[in-house]
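Observations on chain architecture
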Amino acid sequence: MQQGLQRSNVTVVAAVVAVLAIYGPQLWGQAADYVAPRTAAGWPDLNGVWQALNTANYDIQAHPARPALALVPAPPSTTTVPLGTDWATPGELPAPPVRALGAVGGVPAGEGVVVGNEIPYQPWAVLIKQENAENWLERDPEIKCYLPGVPRATYMPYPFQILQGVDQILIAYEFAGATRTIHMNDVGNSPGPTWMGWSRGRWEGETLVVDVSGFNGQAWFDRAGNFHSDALHVTERYTPISSNHLIYEATIEDPNVFTEPWTIKMPLYRRLETDKRLLEYECVEFVEQLMYGELGVFDPAGGQRGE
Amino acid sequence: MKRQHVFVVGILVGVVFIGAVVSVVTTPELPETPTNVEAWIQPHTAWGDPDFQGVWRYEATIPLERSSEHEGRAFLTDEEVEEIARAEQELSANRLAGFEGAAVGRRTLLESPIRGNEYNSFWQYHGRARQAYRQTSLIIDPPNGRLPYTGDARQAAIRSATRYGIGPYESYLDPDTGERCLTDGVTATMWQGPNGGHNRIVQSPGYVTIVHEEYQDRRIIPVDGGSHRGIPQWLGDSVGHWEGDTLVVETTNFSNKMHYEWANIWTRVSDTLRLVERFQRVGPNIMEYTITVDDPKTFTMPWTAVVPILRLPDNTQIYEYACHEGNYALSNILSAGRSIAADE
């Protein structure tokens, strides 16, 4: 039985590797000669509601499915087993705070969005990443409804809208109501550190290139604990490959955390519903009990106040 | 059907009052504002919509409600306007000289024009003297210039003012929606907020988007004949259209958040709240903004305010607010509340 389980794990890993091997040029090749419709001002028209369809927000790297984001080792079997074998054990179980979610709390497998799949962490940073993953419930800014940062905002499981003005292009994200202003005119350097960064855009042919800096270093890349510092510098490229698809590439530079630049790449899909609009996801209210419930004289989760 | 009817009436009321106010408002004395608004032509975007883009801020001295001192008078005399302008210059000079408390005219907590305390005064500073106008209140209807609160809403307003900064703060539900970094409501986003409130308007084909710096309140307003969605939201559901060069926006489908604490009861949202706003540029750097607020849960009748809003220089930016991310005040308020409870 245990042999069988191990073999199936190997099979899953092999399948993921095989998928990675074929993932690449074929997907993007058709993009080369597409020319996007123009805005009234003559620029490629990227207006619309877009969304990523992948599992990068769980983990930007390739990953097999697992029962939960927060796992704990199953307690060891304490009884002696006849016939010299072990009782079957599950290995890892969902951590108690997320156990009730069942299949809803599971992590779908993903092929990853990191080109080449490796993130060139400096040695110390690998340990921080692991520590982040182990303490995901306490540390992931998404859980607290904090602004998601760039590039994470792009591939969270929420739509976002590109609103293409003249001197500014807004990217309005549904999650936490985050809005980025991409300055298409000269606005100088970032005035101070922020969650969403300071975005300056330019056109290179069909591609909107956005230089993003001025981060505060508190955002993450995903729920797997991948992180960066305030030295993060992201160069995003939004390239239309059809009327309903963009290719999103982001080159990540952070000399404090990584040994060299690396890139993520994924398609973005237009939300084709008629007159699709962003709705509100005002999650601050959703996390107040979690963040402040126990700090008060009484916790609203515990029922009515005294007297 | 009924809603459509009310909407038309709201627009008509707005039109009548805009006509009245344009002719009597004293144009702010900014160098770039022409004295003859007739000479200015409304610019349009490349796709033909009237262009409202830029960062806008309220910089006038007009209070929302008419004070008892001006009861029965919709407008000040020229001498009174001059006196207000002089006082504003003096306050601004005091600010620049570092007399923070003096600058906001604080005498006691209750007398302060800024509710709260001196700490809060920097939120309200515009960086220059505000513009004096002849209007004695932003509210032009009802004609007495006062909020037509229901009895219950008036009690709620008194309660809110009484507990502001005092509490009790027993849980995270006790601070107001602004202190919780949720929102102060859509009603006043165009003329309230830190330092007068900053709103960036960006237009794209079919949309006018307003990004309010405070709480990052964001309104993506379809202006191409879209329909309401019927999904309740904190900021409601806005649908706009053009009437000539005027942007008319109707907002409905607000969440019912009557049971929360609000800094200003008149900005609280309920499932019966309905707003009709009219944005009209009357010069290169000034907009006349008219809002009609209708909510039988808070008001006995709809009320209308006309607000002059200035367009700031082209290089003006709005910045990330990240209120919730840095809301140490909330945990501090709660720990203070616990400490007080322990002492009692």
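Residues numbered from 1 in each chain as written. Chains lettered and ligands numbered in written order. Predicted model: local features only at pLDDT ≥ 70, side-chain atom pairs only at ≥ 80, totals over all residues.

Turning next to the overall build of chain B. For chain B, the helix and strand inventory stands at six helices and 10 strands. Here chain B holds 344 residues, and 41% of them are scored as buried. Here the contacts in chain B between residues at least 6 apart in sequence split such that 64% fall between residues at least 24 apart. (Helix = DSSP H or I, 4+ residues; strand = E, 2+ residues; numbered from the N terminus. Buried ≥ 20, exposed ≤ 12 C-beta atoms within 10 Å, placed from the backbone. Contact = placed C-beta atoms within 7 Å.)

Our focus in this paragraph is the overall build of chain A. For chain A, the count of helices and strands is six helices and 11 strands. Put simply, of all contacts in chain A between residues at least 6 apart along the chain, 62% involve residues at least 24 apart.

Attention now goes to helix α6 (residues 328–343) of chain B. For α6(B), spanning 16 residues, the distance from its first C-alpha to its last is 23 Å, which sits close to the expected 22 Å at 1.5 Å a residue. Along α6(B), the positions that sit buried rather than exposed are B:Leu330, B:Ile333, B:Leu334 and B:Gly337. Considered in projection along α6(B), the buried side chains sweep an arc of 95 degrees and stay on one side of the axis. Seen from the open side of α6(B), the exposed residues pointing more than 90 degrees away from its buried face are B:Tyr328, B:Asn332, B:Ala336, B:Ser339, B:Ala342 and B:Asp343. In this fold, the buried residues of α6(B) make contact with α6 (284–292) of chain A. (Expected span 1.5 Å × (residues − 1). Arc of directions from axis to C-beta.)

When the parts of a complex come together, some accessible area is lost, and that lost area is often taken as the interface size. All names here are of chain A. Here chain A is partitioned into domain 1 (2–65 + 111–290) and domain 2 (68–106). On the domain 2 side, the residues contacting the five residues of domain 1 number five residues. Tallied by class, residues from the side of domain 1 that touches domain 2 come to three nonpolar, one polar and one charged. (Domains from an automatic or database assignment. Nonpolar A, V, L, I, M, F, W, Y, C, P; charged D, E, K, R; others polar.)

Further remarks concern the interface of chain B and chain A. Between chain B and chain A, the residue contacts involve 39 residues of the former and 37 residues of the latter. If you list the elements that add at least two residues to the side of chain B that touches chain A, you get β3 (198–204), β4 (207–212), β5 (218–222) and α6 of chain B. Per-element accounting of the side of chain B that touches chain A gives the leading share, seven residues, to α6(B). Residues belonging to the side of chain B that touches chain A are distributed by class as follows: 19 nonpolar, 13 polar and seven charged.

Once that is clear, we can look at the nonpolar core. Core analysis: the biggest nonpolar cluster contains 106 residues, and A:Leu163, A:Ile171, B:Val208, B:Ala305, B:Val307 and B:Ile309 have the highest contact counts within it. Among residues more than four places away in sequence, those in contact with B:Val307 are B:Tyr58, B:Leu138, B:Met190, B:Trp191 and B:Tyr289. The next biggest cluster of nonpolar side chains, apart from the first, holds six residues, and it includes B:Tyr169, B:Leu330, B:Ile333 and B:Leu334. (Core = buried A, V, L, I, M, F, W, Y, C linked by C-beta atoms within 7 Å.)

We now examine the pairing of strand β1 (residues 54–57) of chain B. Residue and element names in this part refer to chain B. Direction of pairing for β1 relative to β3: antiparallel, over a ladder of four bridges. By the bridge assignment for β3, glycine 54 is matched with isoleucine 201. The sheet contact formed by β1 and strand β10 (residues 303–311) spans two bridges and is antiparallel. Within β10, the residue paired with tryptophan 56 across the bridge is arginine 311. (Pairing = 2+ DSSP bridges.)

Omega for the peptide link from A:Val150 to A:Pro151 comes to 15 degrees, which places this bond in the cis form. Considering the arrangement of structural elements, one finds A:Pro151 in the loop between α4 (136–139) and α5 (152–155). Look at the link from B:Gly167 to B:Pro168: it is a cis peptide, with omega at 10 degrees. Note on placement: B:Pro168 falls in the loop between α5 (151–163) and β3. At B:Cys181, a position not held by glycine, the phi torsion is positive, near 65 degrees. Examined against the element boundaries, B:Cys181 turns out to sit in the loop between α5 and β3.

It should be kept in mind that the predicted coordinates are not to be read in detail where pLDDT is low. Residues and elements named next belong to chain B. With 80% of its residues at a pLDDT of at least 70, chain B reaches an overall mean of 84. Of the regions scoring below 50 in pLDDT, residues 1–34 engages in 54 contacts with residues more than four places distant in sequence or in other chains. Segment residues 102–117 is flagged for pLDDT under 50; beyond a separation of four residues in sequence, or across chains, it makes 25 contacts in the model. Both scores are given for the predicted complex: the pTM is 0.87, the ipTM 0.87. (pLDDT = per-residue confidence, 0-100.)

Residue and element names in this part refer to chain A. Spatially, the nine strands close up into a barrel ordered β1-β4-β5-β6-β7-β8-β9-β10-β11, and their pairing is mixed. Across the sheet, the mean angle separating the axes of adjacent strands is 30 degrees when strand polarity is ignored. Looking at chain direction, strand β5 (residues 168–173) and strand β6 (residues 179–183) are connected through five bridges and run antiparallel. For isoleucine 171, the partnering residue across the bridge sits in β6 and is arginine 180. (Axes fitted to C-alpha atoms, helices over the stretch in contact; angles between N-to-C directions.)

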